[in-house]
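Remarks on the overall topology
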Amino acid sequence: MQKTDVLIIGAGVVGCAIARELSKYRVRVLVVDKNEDVGGEASKANSAIIHTGFDAPPGSLESELVNAANPMYEKLCADLDIPFAKIGAIMPAFTNEQFEQLPAIKEKAFKNKVYDVEYLTAEQLLEREPNLNPCVKAGLFIPREYIIDPFLLVVAYAENALENSASFLLNTKITGISTNNGAVAGIETTAGRIEARYIVNAAGLYCDEVAAMVGKADYTVNPRKGQFYILDKNTSCKVNHIVLPIPTKLTKGKLMCPTIHGNMLVGPTAEDLLDKEDYATDAAGLASIREDVSKLIPDIKFGDAIMQYAGLRANRNPEGLRVDTYDDVKGYVNLSGIRSTGITASAALGKYVAQTLIQMGMPAEFKADFIEKRKGIIRFHELSRKQQDDVIRKNPLFGKVICRCETVTEGEIAEAVRRPLPARSMDAVKRRLRAGMGRCSGGFCGPRVLEILARELNVSVEEINKNQSGSYMVTGEVRAGKVRQGAQNA
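The following paragraphs examine the structure supplied in this document.

The rules we used
Residues numbered from 1 in each chain as written. Predicted model: local features only at pLDDT ≥ 70, side-chain atom pairs only at ≥ 80, totals over all residues. Heavy atoms only, no water. Phe/Tyr/Trp six-rings, centres within 6.5 Å; stacked < 30°, edge-to-face > 60°. Helix = DSSP H or I, 4+ residues; strand = E, 2+ residues; numbered from the N terminus. Buried < 20%, exposed > 50% of the residue type's maximum accessible area, 1.4 Å probe, protein only. Lys NZ or Arg CZ within 6 Å of the ring centre and 35° of its normal. Salt bridge = Lys/Arg side-chain N within 4 Å of Asp/Glu carboxyl O. Lys, Arg positive; Asp, Glu negative; His and termini not counted. Polar contact = N/O pair within 3.5 Å; in protein donor to acceptor, adjacent residues only side chain to side chain. Contact = heavy atoms within 4.5 Å.

Let's shift gears to the packing of aromatic side chains. Inspection of the entire model under this criterion finds six aromatic pairs. On the basis of an interplanar angle of 25° and a centroid distance of 4.7 Å, the ring pair of tyrosine 25 and phenylalanine 366 is categorised as stacked. Taken together, the positions of tyrosine 25 in the loop between helix H1 (13-22) and strand S2 (29-32) and phenylalanine 366 in the loop between helix H9 (342-359) and helix H10 (385-394) put the pair 341 residues apart, joining distant regions of the chain. Classification of phenylalanine 366 by relative accessible area gives exposed; the value is 54%. Look at tyrosine 326 and tyrosine 332: their rings are 5.9 Å apart centre to centre, the planes differ by 25°, and that puts the pair in the stacked class. A cation sits over an aromatic face here: arginine 316 above tyrosine 219, 4.5 Å from the ring centre. A cation over a ring is seen here: arginine 404 above phenylalanine 444, with NZ or CZ 4.8 Å from the ring centre.

Turning our eyes to something else, we now look at the pattern of salt bridges. Opposite charge on two side chains makes pairing possible when the charged atoms of those side chains draw close. Within the structure shown, the criterion is met by 44 salt bridges. Lysine 233 is the salt-bridge partner of glutamate 406, the closest N and O atoms lying 2.9 Å from each other. With glutamate 406 in the loop between strand S21 (401-403) and strand S22 (408-409) and lysine 233 in the loop between strand S13 (220-231) and strand S14 (242-243), the pair connects residues that are 173 residues apart, well separated along the chain. On the basis of relative accessible area, glutamate 406 is assigned to the buried category, the value being 9%. A residue is classified by how much of its surface remains accessible, and lysine 233, at 26% relative accessible area, is partly exposed.

Before going further, it helps to examine the environment of valine 200. Along the polypeptide, valine 200 turns up in strand S12 (residues 192-201). Taking C-alpha positions, valine 200 is 4.7 Å from valine 333, a pair spaced 133 residues apart along the chain.

Another point: the side chain of glutamate 145. Assignment of secondary structure puts glutamate 145 in the loop between strand S7 (138-142) and strand S8 (146-148). Buried charge without a salt bridge: glutamate 145, with arginine 144 as the nearest opposite-charge side chain at an N-O distance of 7.5 Å. Within polar-contact distance, the side chain of glutamate 145 engages the side chain of histidine 51 at 3.3 Å. A polar side-chain atom of glutamate 145 sits 2.7 Å from the main-chain amide nitrogen of threonine 52. If near-sequence neighbours (up to four positions away) are discounted, glutamate 145 is found in contact with Ile49, Ile50, His51, Thr52, Gly53, Phe54, Ile87, Gly88, Ala89 and Ile242.

So this is what it looks like as structure tokens:
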């Protein structure tokens, strides 16, 4: 049986941000998650945007947190070595009806204390974005909408928390929460019982199921699917900013924006589902993206798509981002309703939840030796030729390019496995390094990544998973000395 002071359920971006913030104090922190890696649910499939909160419900906790978090990211990304770009967003209007909505959208931004939203004329918009539909009438410029690498944000939070003595227990499912005299006492898991003085429910899509374990499921969570296209870096029709549609009563609509790594991201849909494991894309959803985004960018080249994927957002009913505590379940903090702004809000939610726990009685002694900065894995393709030569001299593995599409070396893959939070699956390597995210989708580098993982983990290739336990990449020998790459979950 393990014991901890604070137990966080969920190793998504919010759970990892909370863990990092709590690791500043002299308390034991343990994060438990059912997935094999951090960021395994909503955090891995989103628009990768750092929002201002200009369109949040005014006066809401979501507005407060996103507004507070946005200015934190420049320093946070510098401290944690996370790619980050200040590109801004535009919201063009093409019809008279859309044009008439611009003042109300700007007024809502002001209510959310986002005061730097400005009008742009059609000429100014086309100067910024030549590929916009030339029928544009006018629009808004939201300068503090940024882009980030969401995979590395989660990993960086977790690695920095680990370096400051937090712990992570992955591949472990919560089966129950126990209480004693009106206070939390611990949890039951597939790895045994864990006692805890404080429990934070940051389970995202599954937070309602966790809340039911303490009798506090006064809401439900249904997944809202968002399907996306990713276009090749060499596509001829690009945008420089996040291009946002005018929202409707039902949806914020489908956007187009650059990714931090140079691809174009297009989508998402907004489809309410019941199945929390339905990550499938479908022809109808993708067709709706093509139809809607072509109205913004007529010359967009969907033939340059290298990937389609879907993510699930935690749609709370009733709606609203909530951080709840309860007099009759002391020591329990319940987070719910964290949706598309969760990546952004995470920086502020870490601090908000830490302060909530302090007010509940958690010891608040700061660590004088807190390690604020984290150095990521060398990004070989970003180095100068001289720097590359120096790195190769120190470690020849960096001279072997494994993923040609994204220029990922064997040295980087080996280091990803050797980090404090090791990559143990194909997807874990992909999220940290982008090996397999190029045009060939791992067709060339996949077998080599598989071999390197097996070597570094000192296991056979048959034991390497794509992601979750049982999603094996190879299915066995077809003849002596040969293995067949499996289609299962590939």
